[in-house]
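# A closer look at the structure
Residues per chain are reported as follows:
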Amino acid sequence: MEIFGIPHQAFLGQLMLGLVNGAFYAMLSLGLAVIFGLLDIVNFAHGALYMVGAFLAWIMLDRWSVNYWLAIVLAPLLVGVLGVVIERAFLKRLYGLDPLYGLLLTFGLSLILEGVFREQYGVSGQSYPVPELLAGATNLGFMILPNYRAFVVVASLVVCLATWYLIERTRLGAYLRAGTENAKLVQAFGVNVPLMVMLTYGAGAALAGLAGVLAAPVIQVTPLMGSNLIIVVFAVVVIGGMGSILGSVVTGLGLGVVEGLTRVFYPEASNVVVFVIMAIVLMLRPAGLFGKEA
């Protein structure tokens, strides 16, 4: 059986690969959207934090035999702590200034983190095994579905929707949004705004670390994995709308699928299709698909 002249197994396989890539785009752009939307910081270190999360999982397994299920909890927590340190040591001095300062600072931090890991581990990739519970594939009749890749898609959807609900539909989320709009007023009601800001950045960093752990069994763990992905993720955020959490999730998944299908029908354009879409969206709707016009 063929779909648009393509063998259906190849078509569905690329569609699944696109969903997996879209899951990573969604999680990383979600963290970027949370940090920018609530703190007005363009966090260029996000790709490096994603890389750190993957490396922490690999180091835990290689040196201390920590299994995947424990690493998927510990590594994001440690990356979140690193995010808190970055916020307290550097970013808190930049609040209220032009976002360009935050972008330059986080870009410099990303280069430092990447350089440290390149010095220690080189640029060759490290392999991380798929957890035994999710090894193999399931025959659905119309396609062979790799169990781990299906888990990545489901896990990312659960995390993204839970984050959106927390920020948009809970009292804590209301405090966060109010604190970024008028910190003094919220503090007058007894809310510790600096603590909220610190934890928000830490949570955004932890999301990047979680994406890194999820990616470790799918791709090679390398110091360059974050820098190779972050430009595409920024494009996803711009298309969805800077600061739009729902836009980041929907756009990330959608563009992953579009990229996967482009590899089927016109492989030469697969590396640029996201940026072509970004250019078209910015011409028609400068605030992004889900962004609010100023």
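What you are looking at is a predicted structure, and each value in this text was computed from that prediction instead of being measured. (Residues numbered from 1 in each chain as written. Predicted model: local features only at pLDDT ≥ 70, side-chain atom pairs only at ≥ 80, totals over all residues. Heavy atoms only, no water.)

### What to know about helix α11 (residues 273–284)
Along its 12 residues, α11 runs 17 Å from first to last C-alpha, staying within 8% of the 16 Å computed at 1.5 Å per residue. Buried within α11 we find Val273, Val274 and Val281. The arc enclosing the buried residues of α11, seen along the axis, measures out at 100°, which places them on a common side. In this structure, the buried side of α11 is in contact with α9 (225–240) and α10 (245–265). (Helix = DSSP H or I, 4+ residues; strand = E, 2+ residues; numbered from the N terminus. Expected span 1.5 Å × (residues − 1). Buried < 20%, exposed > 50% of the residue type's maximum accessible area, 1.4 Å probe, protein only. Arc of directions from axis to C-beta. Contact = heavy atoms within 4.5 Å.)

### Structural notes on the environment of Glu181
The residue Glu181 is located in helix α6 (residues 171–181) in this model. Owing to a relative accessible area of 69%, Glu181 belongs among the exposed residues under this scheme. For the pair Glu181 and Leu39, spaced 142 residues apart in sequence, the C-alpha to C-alpha distance is 9.6 Å.

### Here we look at the packing of aromatic side chains
With the rule as written, the count across this model stands at 12 aromatic pairs. Between Phe44 and Phe107 the ring centres are 5.2 Å apart and the planes differ by 85°, which places this aromatic pair in the edge-to-face class. Here Phe107 lies in helix α4 (residues 99–121) and Phe44 lies in the loop between α1 (8–39) and α2 (46–64), a separation of 63 residues in the sequence. Among the residues examined, Phe107 registers a relative accessible area of 36% and is labelled partly exposed. A ring pair is formed by Phe55 and Trp58, whose centres lie 6.2 Å apart and whose planes are at 90°; its orientation type is edge-to-face. Note that Phe55 and Trp58 are positioned in helix α2 at a spacing of 3 residues, about one turn of the helix. For the pair formed by Phe55 and Trp58, the shared burial category is buried. Taken together, Tyr68, Trp69, Tyr128, Tyr148 and Phe151 form an aromatic cluster joined through their ring pairs. (Phe/Tyr/Trp six-rings, centres within 6.5 Å; stacked < 30°, edge-to-face > 60°.)

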